[in-house]
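Coordinates in review
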Amino acid sequence: MPTYLSKIYMVPIDLIGWFNYWKIVNFGPKSEVIVLKNRIVMPHRWTGPNSIRMGSYDSAGKMDAQTGLHRRYDPLRLYRLGIPHPEVHQPSDQFERGIYAGPLLPAYGHFILESLARLWATAEYPDWPIIFSVDERTNAATLKPWMRELLTVLGVLNPVILITRPTWIDQLLVPAPGYEIQYRFAKHHASFLGRVEWRPTAGKKLWVSRANLATNAASCDGRAEMEAALLSDGWQIMHPQSLSIEEQLDHFATAERVAGEQGSALHNIIFLRSALGLRLDAFARDPMLTGHRINHNQATICTHRHVEYRLHRITQEVVLSRNGAHMGKKYAQPDVYLSHLNNP
């Protein structure tokens, strides 16, 4: 077969893949809502890092696929994390109706990206209760204060039902998730989340620090020296865990530049209505990761907020220890970080 025919044969396969990727980036998930009748909603339980028992079920115990949790760790592959409970027990409680929101995830970043992903529908159904499933191992049937703060920022006044045991719902409204980690962000959901006006203060440079996080027990050699150099260079150091949600968002809304190590606090840009002219410099926490192994959520968010996004891998850093997403490391000399930040 001539070479040119071989190339022609391969083109449609590549085009289909890239066309699907283009649709994901530009349009994201559909803004569809379905109503399921006479459903049992279960609490959730993680059975592995990418496996969670969850969802709603019909009277025969069959899980509704639309109530699963999906993620995309690369643009063209969908990971279905939601799996059925092995046994659906008889419901203990009953409610007339509710909006299915999925699992109540306690980590800040996952709450923003996944627990809020279906709440765009509250604008059309302001009187329907929001239904979150609770981790059956903790049975924590309360919203954390910062969760309530975020709902207030979004103008969500719906009552909240926390599912701690099998619960019968007469009418279950299931919106399609407006965000799927790490590459899908629907325009209608971006519009729903964009509640804070970007109003930059001239010259304000904001460094979002991870130094005081409770999970940051591992050794971080050289971080204090690096942040001291940033302070001398005119950067404001923000410790988000010591601030209210309103205070955090005010810092983001008034900054001309935002920077920091990759982490969920940088996701706050998602709440800006539009920020054309803002620049986000994110430093990879693990300098060894490349390609799709690097967290892509901030790039996805910045695309929809018209933010200039720059990701930096500091290869002079040395990783000393790893514990899941948390690690100890020896930082590079401060001037290395400043050279990246001061590059126009």
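In what follows, the accompanying structure is described. (Residues numbered from 1 in each chain as written. Predicted model: local features only at pLDDT ≥ 70, side-chain atom pairs only at ≥ 80, totals over all residues. Heavy atoms only, no water.)

Every α-helical turn comprises 3.6 residues, leaving residues that sit three or four positions apart pointing alike. Residues of helix 5 (residues 223–232) that are buried include every one of Arg223, Met226, Glu227, Ala229 and Leu230, and no others. The arc that holds the buried residues of helix 5, viewed along the axis, is 155 degrees, so those residues lie on one side. Turned more than 90 degrees away from the buried face of helix 5 sit Ala224, Leu231 and Ser232, all of them exposed. If you follow the buried residues of helix 5, they end up packed against strand 14 (205–208), strand 15 (220–221), strand 16 (235–238), strand 17 (257–261) and helix 8 (334–341). Looking one or two residues beyond helix 5, the residue adopting positive phi is Gly234, at roughly 100 degrees. (Buried < 20%, exposed > 50% of the residue type's maximum accessible area, 1.4 Å probe, protein only. Helix = DSSP H or I, 4+ residues; strand = E, 2+ residues; numbered from the N terminus. Arc of directions from axis to C-beta. Contact = heavy atoms within 4.5 Å.)

Of all 5 residues making up strand 5 (residues 70–74), 4 are buried, and the element is well covered by its neighbours. Where strand 5 folds back on strand 6 (residues 77–80), the antiparallel hairpin that results is connected by 2 residues. (Pairing = 2+ DSSP bridges.)

Looking now at the environment of Asn139. Tracing the sequence through the fold places Asn139 in the loop between strand 9 (130–133) and helix 3 (145–153). Separated by 23 residues in the primary sequence, Asn139 and Leu162 place their C-alpha atoms 9.4 Å from one another. Leaving out residues up to four positions away in the same chain, Asn139 has contacts with Val134 and Thr164.

With that out of the way, let us pick up the packing of helix 3 against helix 6 (residues 245–253). For the pair helix 3 and helix 6, the least separation of the axes is 9 Å and the interaxial angle reads 55 degrees. With respect to helix 6, the element helix 3 is oriented oblique. Listed contacts from helix 6 to Trp146, Glu149, Leu150 and Val153 of helix 3 are Ile245, Glu246 and Leu249. Tallied by class, the residues present in the contact of helix 3 with helix 6 amount to 5 nonpolar, no polar and 2 charged. (Axes fitted to C-alpha atoms, helices over the stretch in contact; angles between N-to-C directions. Parallel < 35°, antiparallel > 145°, perpendicular 65-115°, else oblique. Nonpolar A, V, L, I, M, F, W, Y, C, P; charged D, E, K, R; others polar.)

Sheet architecture is open: 6 strands sit in the order 4-1-11-8-9-10, paired in mixed fashion. Single-partner strands in this sheet number two, and they are strand 4 (56–57) and strand 10 (160–163). Relative to strand 11 (residues 167–175), strand 8 (residues 93–103) runs parallel, the two being bridged by 6 bridges. In the strand pairing of strand 11, Asp93 is matched with Thr167.

We now examine the nonpolar core. Within the largest apolar cluster, 52 residues are counted, with the highest numbers of intra-cluster contacts made by Val258 and Phe271. The contact partners of Val258, leaving out residues within four places of it in the chain, are Leu206, Val208, Trp235, Phe252, Leu266, Leu278, Arg279, Leu280 and Asp281. Formed by 17 residues, the second largest nonpolar core is a distinct cluster that contains Ile40, Met54, Leu69 and Leu81. (Core = buried A, V, L, I, M, F, W, Y, C linked by side-chain atoms within 4.5 Å.)

Here helix 7 (residues 297–305) lies mainly inside the structure; 8 of its 9 residues are buried. Considered for burial, the residues of helix 7 that qualify are Asn297, Gln298, Ala299, Thr300, Ile301, Cys302, His304 and Arg305.

Before going further, it helps to spend a moment on the sheet that holds strand 21 (residues 326–330). Pairing is mixed in the open sheet, where 3 strands are placed in the order 15-21-20. Whereas interior strands pair on both sides, the edge strands pair on one side only; in this sheet they are strand 15 and strand 20 (318–323). Both strand 20 and strand 21 contribute to a ladder of 5 bridges, which runs antiparallel. Directly across from Asn323, in strand 21, lies its bridge partner His326.

Moving on, we come to unusual backbone geometry. Of the consecutive residues Ile181 and Gln182, the connecting peptide bond is found in the cis state with omega at 5 degrees. Within the secondary structure, Gln182 is located in the loop between strand 12 (179–180) and strand 13 (184–185). Within the chain, Asn38 stands out as a residue other than glycine whose phi angle is a positive 55 degrees. Relative to the assigned elements, Asn38 resides in strand 1 (residues 33–41). Owing to a relative accessible area of 39%, Asn38 belongs among the partly exposed residues under this scheme. In this structure, His306 takes a positive phi of about 60 degrees despite not being glycine. On the secondary structure map, His306 appears in the loop between helix 7 and strand 19 (308–312). Overall, His306 belongs to the partly exposed group, its relative accessible area being 47%.

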